[in-house]
Amino acid sequence: MHIREKLAKNEAEGKTGISFEFFPPKTAQGVQNLYDRMDRMHGLGPSFIDITWGAGGRLSDLTCEMVNVAQSVYGLETCMHLTCTDMPIEKVDQALQAAYKAGCTNILALRGDPPRDKEVWEAADNGFRYAKDLVRYIREKYGNHFDIGVGGYPEGADDNADVEQLIDHLKEKVDAGSTFVVTQMFYDVKNFIDWVKRCRAKGINVPIIPGIMPIQTYAAFIRRSNWTKIRVPPEWMEALEPVKNDDSAVREIGKSLIAEMCRQLMATGINHLHFYTMNLAQATKAVLDELGLCPSDESPIQRALPWRPSLALNRRGEDVRPVFWRNRNSSYVARTQTWDEFPNGRWTDSRSPAFGELDAYGVGLKGTNEQNIKLWGEPKSIKDLSDIFVSFLKGKLDRLPWSDSPITTEAKDIQDNLLDLNQRGFLTINSQPAVDGIKSSHSVYGWGPKNGFVYQKAYLELLVPSYLIGELIARIEKNDDLTYHATNKKGELKTNTRDSPNALTWGIFAGREIIQPTIVETVSFLAWKDEAYLLGEHWSKCYNAASPSRKLIQNVMEDWYLVNIVDNDFHRSNAVFELFNDLEVKDLNVEVEVPAKPETNGTAEPNGVAAN
């Protein structure tokens, strides 16, 4: 969706929108850490994010990559910066095509700063000299596909202190086809409000979004203020100077100063705030908390679907997914990125015949060997493994090999059952309770339009020792309402289902067909099976080849079955757990023994094997 449309929607609904800016990190680990942060900050409800442009070379390529990941994997409406610096037309065309293919429909067109090795800005050969020329070129080449924003400078730019002349230039950029403005950071609210009035007086009627820079530390605050040559109100300095060596106090006072500045902006009719995050979350979140703009448990963001939709090109209409990737969104997107079509309603003829390979980005185990050992310890028995799962269920761990995110709120309704199963040695990796007609606006289970009702069947997915699989299946098959799939690592499938999708979640809304966004079906389960066992194998390889931990986890992967069970009577949640009454995993506390003289060299696999 275009940014101007999002701004208009928020204004019509009387909401204050927010957005975040990020920049490409310099290291691969920094990129992954930023992706994780972007994923978490999605929960703050930004209307969009933008990603700055690294002129030429690796960082510009990284900008394009990050735009693609943000759109496709994290479902964040993304605006790509694009500058004239070091950008001949060929490179501009490449960048715009990359944005187009990623599903990005928003560009922030800027002239850009001069490269570090040049004091004066110069246009590239066969490039653009001014942002207005870049705006005009994008508009002529892509029509209305891109919403095009430009920069505004309430206190002057680096090489031009004449604010009135800059307003004239801004008018030229708008006349060339720009549809919104994002301003440079500022702290002088009165000056900003006066500047907006002067812009309006000159016929600049597109939305103007103020750029907000939270205060992290005193040194950074002074450095950025001096670099951008903006005015800092004297009372701000009086408040911050006495505590400049106390970072905690600076953040607390800075939060209050920025929040009050935002309140003054909102009081004048500004209904969108754009935060320069500097790739950090806490200072921005603190301001949003102070303003009451963070979603709460009582008023969460209304979800369009139970899972986060991708905004990649050609898959915005996707509305059905297999449940198995419920906790591994990035993996699902990676493995389906080459599909030509996506399911549209009931997972029928539009179903792709195959999932992608297991070596795609995001499919393997997260984290380095050292990080994972620190997180999960060094299990030596099934009891140790079950303790890890119990800690996850209690919220003490933020991820498992089969779940990239912490335990969800809805698991609380069946937490006691899950804890009991894991404490007895069964290892649960996915589940959901039954829901019988709860309002779609419900804070935990709700999704879709607010005037509907949602339903879901109880679901359980877990690892079960092979010596218990026969008894478990016999119990399942005594209940006509239960369906299951069970497979081992070799792919020996056992099931009582027909090869057709079983809707696990559905919603009923006024004036619309029934929506069935989550399903269980055989083809997808077998694709997930390969991934599930691969994750276990990657986990084992975090440990030395001679260690009990590696042998323990490998034994589980080689011997245990991956099982999913659906109770098709959506009025109850306990039936799937009652199947395990009196079933026990034996030898819980027996530690794995390893040979005294292992044949291998006793080293762990390189991080790249265990961490994709």
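As the structure is a prediction and not an experimental result, all values here were calculated from the model.

Engineer: Help me out: how do you make sense of the side chain of Thr483 in this one?
Structural biologist: Its place among the elements puts Thr483 in strand β14 (residues 482–487). A polar side-chain atom of Thr483 sits 3.3 Å from a polar atom in the side chain of Asn568. In this view, Thr483 contacts Asn496, Thr497, Asn502, Asn564, Ile565, Val566 and Asn568; residues no more than four positions away in its chain are not counted.

Engineer: Please explain the pattern of salt bridges as it appears in this structure.
Structural biologist: It is possible for side chains of opposite charge to pair when their charged atoms get near one another. Going through the model one piece at a time under the given rule, you end up with 37 salt bridges. Lys489 is the partner of Glu537 in a salt bridge, and the nearest nitrogen-oxygen pair spans 3.7 Å. Of this pair, Glu537 sits in helix α17 (residues 522–540) while Lys489 sits in the loop between β14 and β15 (494–495), placing them 48 residues apart in sequence. A residue is classified by how much of its surface remains accessible, and Glu537, at 16% relative accessible area, is buried. With a closest N to O distance of 3.9 Å, Lys541 and Glu537 form a salt bridge. The network of salt bridges with shared partners includes Glu164, Asp168, Asp194, Arg198 and Lys202.

Engineer: Whenever I open this one, the sheet that holds strand β1 (residues 17–22) confuses me. Can you help?
Structural biologist: In any sheet, the strands associate via hydrogen bonds between backbone groups, in a parallel or an antiparallel arrangement. Ordered by their spatial adjacency, eight strands build a closed barrel running β1-β2-β3-β4-β5-β6-β7-β8, and the pairing between neighbours is parallel. Strand-to-strand twist of the sheet, defined as the mean angle between neighbouring strand axes without regard to direction, takes the value 30 degrees. Note that strand β4 (residues 106–110) and strand β5 (residues 147–152) share four bridges and pair parallel. If you follow Ala109 over to β5, its bridge partner there is Val150. Along the sheet face, helix α7 (residues 189–201) touches β5, β6 (180–185) and β7 (208–212) and points at about 155 degrees away from the line of β7.

What counts and how
- Residues numbered from 1 in each chain as written.
- Predicted model: local features only at pLDDT ≥ 70, side-chain atom pairs only at ≥ 80, totals over all residues.
- Heavy atoms only, no water.
- Helix = DSSP H or I, 4+ residues; strand = E, 2+ residues; numbered from the N terminus.
- Polar contact = N/O pair within 3.5 Å; in protein donor to acceptor, adjacent residues only side chain to side chain.
- Contact = heavy atoms within 4.5 Å.
- Salt bridge = Lys/Arg side-chain N within 4 Å of Asp/Glu carboxyl O.
- Buried < 20%, exposed > 50% of the residue type's maximum accessible area, 1.4 Å probe, protein only.
- Pairing = 2+ DSSP bridges.
- Axes fitted to C-alpha atoms, helices over the stretch in contact; angles between N-to-C directions.

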